[in-house]
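Read off the chains here:
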Amino acid sequence: MLDTKLYSLLKVYECGSFGAAAKKLSITQPAVSHHIKALEEELGVCLFDRQSGGIIVTREGEAVIKCAKKMLGLYNGLRQDLQDGRSLVSHLTVGVTHTAESNPIAEALAMYCDQNDDVTIKIITGSIKNLYNKLKSYEVDLAVVEGRIPDPGIHYLPLGTDSLVLAVSARHPFAGRNMVTLNELKRERMILRLPNSGTRNLFTANLESNNLSIYDFNVVLELDNIATIKELIRQGFGVSILPKSVCLNELKTGEIAVLPVENLSMMREINLAYQKEFSQVDVLRGIADCYHDALRSYFK
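Remember, it's a predicted structure, so these values are computed and weren't measured experimentally.

Parameters and conventions
Residue positions are given per chain, counting from 1 as you read along its sequence in written order. For a predicted model such as this one, the threshold for reporting local features is a pLDDT of at least 70, and the threshold for listing and counting side-chain atom pairs is 80 or more; totals across whole chains, interfaces and linings nevertheless cover every residue. Here the side-chain values reflect all heavy atoms present in the structure, with hydrogen atoms and water set aside. Buried and open spaces are told apart on a 1 Å grid over the protein atoms alone, a cavity being a set of points where a 1.4 Å probe fits but cannot get out and a pocket being an open set with protein on both sides within 12 Å along at least five of seven lines. Residues with an atom within 4 Å of a point are the lining residues. Grid points are joined across faces, edges and corners, and a volume is the space filled by probe spheres set on the points. Numbering of helices and strands starts at the N terminus; helices are DSSP runs of H or I of at least 4 residues and strands are runs of E of at least 2. Here, nonpolar core means buried Ala, Val, Leu, Ile, Met, Phe, Trp, Tyr and Cys residues that are tied together by side-chain atoms lying within 4.5 Å of each other. With a 1.4 Å probe rolled over the protein chains alone, any residue whose accessible area is under 20% of its type maximum counts as buried; one over 50% counts as exposed, and the rest are partly exposed. Residues are treated as being in contact if the distance between any of their heavy atoms lies within 4.5 Å. To obtain an axis, a line is fitted to C-alpha atoms, over the contacting stretch when the element is a helix, and the angle between two such axes runs from 0 to 180 degrees between their N-to-C directions. We call two directions roughly parallel when the angle between them is under 35 degrees, roughly antiparallel when it is over 145, roughly perpendicular when it lies between 65 and 115, and oblique otherwise. Crossing handedness: left-handed means the near helix sits turned counterclockwise from the far one by under a right angle, and right-handed means the same turn made clockwise. Charged means Asp, Glu, Lys or Arg here, nonpolar means Ala, Val, Leu, Ile, Met, Phe, Trp, Tyr, Cys or Pro, and polar covers whatever is left, Gly included.

J.: Mind showing me how you'd approach empty space enclosed by the protein here?
T.: Where empty space is left in the structure can be found by rolling a water-sized probe over the atoms. This structure, assessed with the given rule, holds 1 cavity of 30 Å³ or more. Here the largest cavity defines a volume of roughly 30 Å³. Surrounding the largest cavity, L192, R193, T199, R200, F203 and I241 form its lining. The element best represented in the lining of the largest cavity is helix 9 (residues 198-209), accounting for 3 residues.

Laid out in structure tokens, this is it:
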């Protein structure tokens, strides 16, 4: 069992106070304080700066918390592996970005479970940075991400490529076009992902390569929910830059049209990321095959 002091540490970090952590753990606040003090004495560091307005994690505390998350992830993984060995059921936790949540990956994971009765999958969403942190701390087994990071501990299985396109209503004058120019796009009402999204960052980087800024465009709405963005596009409230993979269903039904933007080459890889210790190669290949099958179903 993981040291109870580490459970208290992680809960204080999560809740932001000793009192709230005690309630979550169903123990007294003095007990939580004792756990933290004992851990500080054991490690010889100060984990939190206590202030009148709350607590602030110290630099040493951040390092200990990072390690504690990894230890908890490994412990939970061990428990799950042992349980899987008894029940002959494999449990996987897969992290996906908001983009991947809206493209065929969810369908591919459902297909994989349907084809493998002994497998259950939990899907969680988050930013790419958040998913990598969870992957490194063993909170997720796999992560579907756009692009790669230079980390020798992370391995990748390529699923394919995706491109950012201009998405417009099927009734929009651009719908029958093969391409739109940047000057034409400047006159459109744009609905974009939030600035911290990979989609937004790739679009911004391509604009900068053409000596343009996002402020040269008429951005009327910013939000992170792709389904909402597509609904607003369908209703004609604006146009957006989106990955083509998230528009496949709407393209098939004819509700949305997509087209490239002149001088913008916005391509990126879609990868299945995993820790180098992940040994179930058959699972990786199986998910990749289901992803490709799901993609093909949109183009029949």
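J.: Sorry if this is basic, but what is going on with the nonpolar core here?
T.: One broad trend across soluble globular proteins is that nonpolar side chains are buried collectively. Ranked by internal contacts, the top residues of the largest apolar core, which has 23 residues, are I105, L142, V144, L159, L272, L284 and I287. For this core, the elements supplying multiple residues, two or more each, are strand 3 (90-96), helix 6 (105-115), strand 5 (142-146), strand 6 (154-169), strand 11 (267-275) and helix 12 (281-297). It is helix 12 that provides the largest number of residues to this core, a total of 6 residues. If we ignore the near neighbours within four places in the chain, the residues touching V144 are V94, G95, V96, T97, A100, I105, L131, L159, I270, N271 and L272. L164, L185, I214 and L264 belong to the second-largest nonpolar core, a separate cluster that totals 21 residues.

J.: Could you clarify how one ought to interpret the packing of helix 6 against helix 12 in this entry?
T.: When two helices pack together, you describe them by how their axes are tilted relative to each other and by the distance separating the axes. Contact geometry of helix 6 with helix 12 gives a least axis separation of 8 Å together with a crossing angle of 120°. With respect to their mutual orientation, helix 6 and helix 12 come out oblique. The handedness of the crossing between helix 6 and helix 12 comes out as right-handed. Contact with helix 6, carried on its side by I105, E107, A108, L109, M111, Y112 and Q115, involves D282, V283, G286, I287, C290, Y291, D293, A294 and S297 of helix 12 and no other residues of that element. Here the residues of the contact of helix 6 with helix 12 sort into 10 nonpolar, 3 polar and 3 charged.

What is shown is where atoms sit, not what they do.
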